[in-house]
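These are the residues of each chain, in order.
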Amino acid sequence: MWPTDPENGLSPKNTVGIDDVYNPPPLHWTSLLVLAYQSCGVVYGDLSTSPLYVYKGTFNGSLNRFLGEEDVVFGVFSVVFWTITLIPLLKYVFIVLSADDNGEGGTFALYSLLVRHAKFSLMPNQQAADEELSSYYRPGYAATEDAPILRALRGFLERHRKSRTCLLVTVLFGASLVIGDGVLTPAMSVLSSFSGLQVHSSSLTHGEVVLLSCIVLVCLFTLQHWGTRRVAFLFAPVVVLWLLLLAALGVYNIVVWNPRVLRALSPHYVVSFFRHTGKDGWISLGGVLLSMTGTEAMYADLGHFTAASIRVAFVGLIYPCLVLQYMGQAAFLSKSPDCNIHFIFFESIPRPIFWPVLVIATLAAIVGSQAVISATFSIVRQCTALGCFPRVKIVHTSNRIHGQIYSPEINWILMLVCLGVTVGFRDTDLIGNAYGMACAGVMVVTTLLMALVMVFVWQQGILVAAMFLLAFGSVESVYLSAAIMKVPQGGWLPLALSIVVVAVMYIWHYGTRRRHMFDVQNKVSLKWLHALGPSLGIVRVPGIGLIYSELATGVPAIFSHFVTNLPAFHQVLVFVCVKAVPIPHVRCYERHLIGRIGPREFRMYRCVVRHGYKDVPGDDNDFENDLVVRIAEFVHMEAAEQAAAGDAARGSDASVEGRMAVVSRPFDLSRTGLLMRAPLSNPEDTAVVRAAAATAASGGGKEETMQSLQAMYESESPGFAVRRRIRFEIDGATSESMDPAVKEELSALVEAKHAGVAYIMGHSYIKARKSSSFVKKLAIDVAYTFLRKNCRGPAVALNIPHISLIEVGMIYYV
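Residues numbered from 1 in each chain as written. Predicted model: local features only at pLDDT ≥ 70, side-chain atom pairs only at ≥ 80, totals over all residues. Heavy atoms only, no water.

An unreviewed UniProt entry annotates the chain as Potassium transporter of Urochloa decumbens. As stated in UniProt under Sequence similarities (unreviewed entry), the record for the chain gives "Belongs to the HAK/KUP transporter (TC 2.A.72.3) family." UniProt's Subcellular location (unreviewed entry) comment on the chain is quoted here verbatim: "Membrane". (UniProt positions renumbered as here; feature names shortened; annotations may be inferred.)

Right, here's the structure in full:
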C-alpha cells in the first residue's frame, strides 16, 4: 500500500531500495593508468608548480640570515619533506579521498554527507521521500545506537539552530577560500614563472614582467569560453614533462652540489631546525606552507576521476618528483649561499637548458591556473544548486564530459580581481602570503568536517575522530598560526575575499530560506480547496497550466492570489516544484515524484523534479510531453492499487493529497497504454502518439494565432531549445477494457494537452518591516534585493519558453 502521509507519501514499490546502490566495478589496470595519466594535467597542475616559490617564500624573511648554514638549509628541506608526507600523502591520499559523496569530492561533498546522515541541514524544501533515493545514504550505512557522548553531540547540533548555522558558515568559508584560489593561483603561478626572465635578462624590469604576466592572464581568462576539452589533450603531457624535468634537475643538483642532503630525510633535522632558528623558523612555515598549495584539488576534482587513479598518480609520479626537486634545491642552496633567493629555482638550472625549462615552467603555470579556474566554476555551481549562491549562467563546454562547465559572470569577475592582485601586489612574496593563508584555512575546514564525517557517516566512534583531529589538526593549526602572522603582509587578502563571498552566500541563503518559510506558512489549506468544488469556483479554460513554485507540498499562496485577481484557470493544473537534494546526481528514473492534489474531479496534480548539486535543472527540452506520460502512468498505478485494495478502498476517496510515487518514463510505454512515434521530418507537422488510455479524440489544437506567434518566437530566438510538438490520438481498440474513471481522466488530460500548455511562475519577494533593525534592512532590502535583481531569473534557469510564461508575484514582510 502507498503511505497516506499527507506531506511525504511515497510508493515503496516504485522506488529502488536503499541497498541497491551503484557500486562501480574496479577498473582494469590499463584504464586505471590512463585515468592516472589524465589526472596529472587536471588535478596536479597547481601542486606541481610549487617548487617555483617554496624556498623563496621560506628564506625571504628573517630566516635569510641562516642561508650560509648547511644544517638550517637541510632542516628546511626536512620540514618540507615531512609536510608533504603527512598532509598530501597521508591525510588526503589515504584518508580524505575515501570520504567521497558518490564519487564527488570537495567541501560541499562533506557537508552533503553530514546533512544526509544527521539532521544538520538548514536547507528548506526537504522531504522524507528524498531519503528513499538509492544514493542518499552511504553504502553499508545503518543507523546504530550512539554512545552517550556522541548522542549528546548529535542532539546539540540538531536542536540548536545556531550550531547548524555555524556549521554552514564554516562550509561556506571553506568554499570561499577555494574560490579565492581561483584568483591567487593564476597570479602567483604566472608571475613566478615569468620572473625567471630576469635571471639572464638584466635589462628586463619588474614592471615589464608584471605587464607580460597581465597579458597572459587576460588571454587565459578570455579563452575560458572555449572550455578545457579543446586544449585538455595538452594538459597531461605538459605536467608530466614538467614533473620529469623537476625530478631530473633534482637528481642533477643532488649529485653535483651536495649528496649529503639525503640525510635530511631524517626527522632529526626538523627538531634541530626549530631548536636552532626558534621564532624565525616558526614564522618561515608560511613559506613551507606553499608546498601544499593545490593539495585540496585532489579531493575537489575527485568527480572527474576515481580515487584510485588519483592515488596512483600521486604515489607513482607526483610525490617522488617533488621530493627530488626540493632535495635538489636544498643541495644547491647549501653550497650557494650567495645566490639570489628570489630566483632560487631558476638559479639552480644549468645554463644550457635554462630557456627550455623556462618555457615548460610557463606552460605548467598556465595549466595549473586553468585547472583551478575550472574548479571554481564547479564550486559556484554546487553553491547555486544548494541555494547558497545567486543563479549565474552555466555553459557546458563538452558534450561528453558533464563536469566541464564555464560561467561568464564568474570568469570576468575572477579576471578583474586577479589582475587587480597582480598589479596591486606586484610581488610574489605578498601574493604567496595570501596564497598560504587560503591554503591553510581550507585544510583546517576539511579536517574539521572530516572528523564529523568519521563520527556520523563512517560511525567510527568519537575516539578515532579525535585522534584524526589531533594528529592533523595540530599540524595544520601550527601552519595556520604562521600564516596569520603574515596577515599584514598580504595575508589579509584571502580573508577579505572570503568575508565578501561568505556574506553574499549567507545573505542569499538567508533570504531564500525566509522566503520559503513564508511560502509554507501561507500555503492554501486543503479544506479551503475542497470547499470550492470540482470547478474550484472559477472558470476552467482548455489547456494545461504548469504552476511553478518552490513548495514540494501543499498549494502555494500564489495560486489563490492569481485566481482572486483573474478567476479563470486551466482544466488541468500541475504544481511543479524543481528542487535540489543534497546528493551529487539524481538518476533519471528517480527524478520525478508524481502525486495528486484533491479528488480526481479536480484534475490537479503535483510533480516534484529532484536534481543533485551536480545536475543541471531545466535541461529537459521535452518536459511537457514527458509530464503527460508520467501523469498517465501515475493514474494507471493509482487505479491498479485501488483495484488490489478491494471494494473498501474503491468506495472511499483514495485520491487524497500526499500520495506520491516515483514515476519514470518507461522504455516500453505500451504497458501504460501509451505508444510514441518519432517526430515527422516536416517541422509544421506533429508526431503521433497513440494513447490507449484515452477515449475521445480532440479535434482542436493550438489556435493558428498562437502557433504563428510561437513559430515567430522560435525563429527569432536562436538560443531557444525547440520542444517537440507531439499529438496524442485515440486507440479505441484498447480503451474499451479500461476503468471508466481512468478513461475519463486521461481523456481530459489528452484534451488539455492538445489545447496547449501555459507556464505560471510564482515569485515571492521579501522586504524588511519598518520596525526591523538596520542590519536586517541592509541585508534584505539592499543586499538580497540587489542580488535577486542581478542574477538569472528562475524561468531562464529552468529553460521555460517565454512565449508561454505568466509570472505572478507576492510580497512578504519579514
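Enquirer: When you look at the side chain of serine 50 in this model, what are you seeing that I'm missing?
Expert: Tracing the sequence through the fold places serine 50 in the loop between α2 (45-48) and α3 (54-59). Polar side-chain contacts of serine 50 include one of 3.2 Å to the backbone oxygen of leucine 47. Among all residues touching serine 50, those that are not within four sequence positions of it are Leu290, Ser291, Thr293 and Tyr326. (Helix = DSSP H or I, 4+ residues; strand = E, 2+ residues; numbered from the N terminus. Polar contact = N/O pair within 3.5 Å; in protein donor to acceptor, adjacent residues only side chain to side chain. Contact = heavy atoms within 4.5 Å.)

Enquirer: It is not clear to me how the packing of helix α9 (residues 206-222) against helix α17 (residues 354-385) should be interpreted in this structure. Could you clarify?
Expert: A pair of packed helices is captured by two measures, namely the crossing angle of their axes and the spacing between those axes. Here α9 crosses α17 at 45 degrees, and the two axes come no closer than 11 Å. Considering their axes alone, α9 and α17 lie oblique with respect to each other. The two elements α9 and α17 cross, and the hand of that crossing is right-handed. Contacts between α9 and α17 pair Val216, Leu220 and Phe221 from the former with Ile366, Ser369, Gln370 and Ile373 from the latter. (Axes fitted to C-alpha atoms, helices over the stretch in contact; angles between N-to-C directions. Parallel < 35°, antiparallel > 145°, perpendicular 65-115°, else oblique. Left-handed = near helix turned anticlockwise from the far one by under 90°.)

Enquirer: Hey, could you run me through the environment of aspartate 739 in this one?
Expert: By secondary structure assignment, the location of aspartate 739 is in the loop between α27 (732-735) and α28 (740-755). Owing to a relative accessible area of 38%, aspartate 739 belongs among the partly exposed residues under this scheme. Sequence spacing of aspartate 739 and histidine 636 is 103 residues, and the spatial spacing of their C-alpha atoms is 9.6 Å. (Buried < 20%, exposed > 50% of the residue type's maximum accessible area, 1.4 Å probe, protein only.)

Enquirer: Help me understand the packing of α17 against helix α18 (residues 408-425) in this model?
Expert: Between α17 and α18, whose axes approach to 10 Å, the crossing angle comes to 130 degrees. The orientation of α17 relative to α18 falls into the category oblique. Seen from above, α17 lies across α18 with right-handed handedness. Residues Ile373, Thr376, Phe377 and Val380 of α17 form the contact with α18, whose own contacting residues are Ile410, Asn411 and Leu414.

Enquirer: Would you take a moment to explain helix α15 (residues 307-335) for this structure?
Expert: Three- or four-residue spacings in an α-helix give side chains the same orientation, since the helix completes a turn every 3.6 residues. Look at α15: 41 Å from first C-alpha to last across 29 residues, which is about the 42 Å you get at 1.5 Å a residue. If you look at α15, its biggest bend is around 45 degrees, right at phenylalanine 314. Where burial is concerned, most of α15 is hidden: 21 out of the 29 residues are buried. (Expected span 1.5 Å × (residues − 1). Bend = angle between axes of the 7 residues up to and from the residue.)

Enquirer: Any chance you could explain unusual backbone geometry here in plain terms?
Expert: A negative phi angle characterises most non-glycine residues, just as the trans form characterises most peptide bonds. Phi is positive for glutamine 459, close to 55 degrees, though the residue is something other than glycine. Counting through the fold element by element, glutamine 459 comes out in the loop between α19 (428-456) and α20 (462-484). Classification of glutamine 459 by relative accessible area gives partly exposed; the value is 31%. A positive phi angle, close to 55 degrees, is found at arginine 603, a residue other than glycine. The topology assignment puts arginine 603 in the loop between β5 (592-596) and β6 (604-611). We classify arginine 603 as buried; its relative accessible area is 12%.

Enquirer: How do you make sense of the packing of aromatic side chains when you look at a structure like this?
Expert: The description of two aromatic rings rests on the distance between their centres and on the angle between their planes. Scanning the model with the defined rule gives 23 aromatic pairs in all. Aromatic side chains tryptophan 257 and phenylalanine 332 sit 5.1 Å apart centroid to centroid with 90 degrees between the ring planes, which places their arrangement in the edge-to-face category. Taken together, the positions of tryptophan 257 in the loop between α10 (232-256) and α11 (268-277) and phenylalanine 332 in helix α15 put the pair 75 residues apart, joining distant regions of the chain. Following the ring pairs from residue to residue traces out a cluster consisting of Tyr44, Phe77, Phe81, Trp82, Phe314 and Tyr319. Above the face of the tyrosine 136 ring, arginine 116 is positioned so that its terminal group lies 5.6 Å from the ring centre. (Phe/Tyr/Trp six-rings, centres within 6.5 Å; stacked < 30°, edge-to-face > 60°. Lys NZ or Arg CZ within 6 Å of the ring centre and 35° of its normal.)

Enquirer: In this structure, what is going on with the state of the cysteines? I would like to understand it.
Expert: Two cysteines form a disulfide when their sulfur atoms are joined by a covalent bond. According to the stated counting rule, one finds 0 disulfides in the structure shown. In this structure cysteine 40 is a free cysteine whose sulfur lies 9.1 Å from that of cysteine 321, the closest cysteine sulfur available. The structure places no disulfide on cysteine 383, whose sulfur is separated from the nearest cysteine sulfur, that of cysteine 388, by 6.4 Å. Residue cysteine 383 is classed as buried on the basis of its relative accessible area of 0%. (Disulfide = S-S within 2.5 Å.)

Enquirer: Please explain a nonpolar patch on the surface as it appears in this structure.
Expert: Judged by side-chain polarity, Val251, Tyr252, Val255, Val256 and Trp257 come together as a nonpolar surface patch covering roughly 440 Å² of accessible area. Considering the arrangement of structural elements, one finds valine 256 in helix α10. When its relative accessible area of 45% is taken as the criterion, valine 256 is described as partly exposed. (Patch = residues over 30% accessible without salt bridge, like charges linked within 9 Å, V, L, I, M, F, W, Y side chains within 5 Å. Areas by Shrake-Rupley, 256 points an atom, 1.4 Å probe, with all protein chains shown as cover. Salt bridge = Lys/Arg side-chain N within 4 Å of Asp/Glu carboxyl O.)

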